[in-house]
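Structural overview for review
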Amino acid sequence: GAVVSQHPSRVICKSGTSVKIECRSLDFQATTMFWYRQFPKQSLMLMATSNEGSKATYEQGVEKDKFLINHASLTLSTLTVTSAHPEDSSFYICSARSGGYSYEQYFGPGTRLTVT
Amino acid sequence: AQRVTQPEKLLSVFKGAPVELKCNYSYSGSPELFWYVQYSRQRLQLLLRHISRESIKGFTADLNKGETSFHLKKPFAQEEDSAMYYCAPADNYGQNFVFGPGTRLSVLP
């Protein structure tokens, strides 16, 4: 089956620094990747949708300058949290879709970000 | 605004009992409806989608456009069904997913 990986699985960084999270589709080409954020005991909140080779589409209320998304290839998307603050601490999950008429999203295991 | 409600945060049933996880949605246009499941310590995965009209692991879901509901049902719950279930409508292109708050199903022995 389709597998999506995320790296790192957890990261701790200091306030003011930037951290990059990678999302890879291991055995299929992902024309579209999605980035979600999940707060403790809450549901997933879609942050942005990225299509390979084009700029990401951000959901309302998500700062595009703070959460930089790059989808440079059909198997890799990155989310960079710039100038991180403690309130950015969260669980970040990516998913990938192969395109065509397949609506199925394959989810990564998530990345736990803690900003101290 | 796009919105999904799953009224039960936690639903506990005994093994062999029927189970229904409720989902109501407010979504512009004619959305596609999905149910996702997350088992303990595992990633989120697709359980079923309305357009496929499948029964997966004994689960079915009926779309009621009049009531804008997409309730998930299983006639005989099993212990391995214990998990977190999310209802999620999306647009016609399979994008713009809106996840509900989730219902934790606990099937007791």
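Quick look at the structure, then. (Residues numbered from 1 in each chain as written. Chains lettered and ligands numbered in written order. Predicted model: local features only at pLDDT ≥ 70, side-chain atom pairs only at ≥ 80, totals over all residues. Heavy atoms only, no water.)

1. Comments concerning the state of the cysteines
Here, disulfide denotes a covalent bond that connects the sulfur atoms of two cysteines. One pass over the structure, following the stated rule, counts 2 disulfides over all chains. Here C23(A) is linked by a disulfide to C94(A), with a sulfur-sulfur distance of 2.0 Å. Taking the torsion about the sulfur-sulfur bond, which here is approximately 80°, the covalent link between C23(A) and C94(A) counts as right-handed. With a gap of 71 residues between them, C23(A) in strand β3 (residues 19-25) and C94(A) in strand β9 (residues 90-97) connect regions that are remote in the sequence. Taking relative accessible area as the criterion, C23(A) reaches 0% and is therefore assigned buried. The disulfide bridge from C23(B) ends at C87(B), spanning 2.0 Å between sulfur atoms. With the S-S dihedral at roughly -60°, the linkage between C23(B) and C87(B) falls on the left-handed side. One end of the pair, C23(B), is in the loop between β3 (19-21) and β4 (24-26); the other, C87(B), is in strand β9 (residues 83-90), and 64 residues separate them in sequence. (Disulfide = S-S within 2.5 Å. Helix = DSSP H or I, 4+ residues; strand = E, 2+ residues; numbered from the N terminus. Buried < 20%, exposed > 50% of the residue type's maximum accessible area, 1.4 Å probe, protein only.)

2. Let's talk about the side chain of H50(B)
Turning to its location among the elements, H50(B) is positioned in the loop between β6 (45-49) and β7 (60-64). Excluding anything up to four places from it in sequence, H50(B) contacts E32(B), L33(B), L63(B) and F70(B). (Contact = heavy atoms within 4.5 Å.)

3. Digging into the interface of chain A and chain B
If you look at the interface, chain A gives 20 residues, while chain B gives 18 residues. Summed over both partners, the interface of chain A with chain B comes to about 1500 Å²; 51% of that surface belongs to carbon and sulfur atoms. At the junction of chain A with chain B, the criterion picks out 0 salt bridges. Here the side of chain A that touches chain B is composed, by residue class, of 9 nonpolar, 8 polar and 3 charged. (Buried area = accessible area lost by both parts, 1.4 Å probe. Salt bridge = Lys/Arg side-chain N within 4 Å of Asp/Glu carboxyl O. Nonpolar A, V, L, I, M, F, W, Y, C, P; charged D, E, K, R; others polar.)

4. A look at the packing of aromatic side chains
By the definition in use, this model includes 13 aromatic pairs over all chains. Here the aromatic rings of F107(A) and Y36(B) are separated by 5.4 Å at their centres, their planes lie at 80°, and the arrangement is edge-to-face. Of this pair, F107(A) sits in strand β10 (residues 106-107) while Y36(B) sits in strand β5 (residues 32-38), placing the two residues on different chains. Assessed through its relative accessible area of 2%, F107(A) is described here as buried. (Phe/Tyr/Trp six-rings, centres within 6.5 Å; stacked < 30°, edge-to-face > 60°.)

5. Details of unusual backbone geometry
For the peptide bond that leads from H7(A) to P8(A), omega is 0°, which places it in the cis range. Mapped onto the fold, P8(A) is located in the loop between β1 (4-7) and β2 (10-13). A positive phi is found at S83(A), a non-glycine position, where the angle reads about 45°. Along the chain, S83(A) turns up in the loop between β8 (76-81) and β9. Of note, the phi angle at K57(B) is positive, near 50°, even though the residue is not glycine. Looking at K57(B), the relative accessible area reads 47%, which means it is partly exposed.

6. A short note on the sheet that holds β5(B)
Residue and element names in this part refer to chain B. In space, the 5 strands of this open sheet follow the order β2-β10-β9-β5-β6, with mixed pairing throughout. At either end of the open sheet lies a strand with only one pairing partner, and these are β2 (10-14) and β6. Between one strand and the next, the sheet's axes are offset by a mean angle of 30°, whatever the strand orientation. Sheet analysis places β9 next to strand β10 (residues 103-108), joined by 3 bridges and oriented antiparallel. Residue A83 lies in a different strand from β10, and its bridge partner there is L105. (Pairing = 2+ DSSP bridges. Axes fitted to C-alpha atoms, helices over the stretch in contact; angles between N-to-C directions.)

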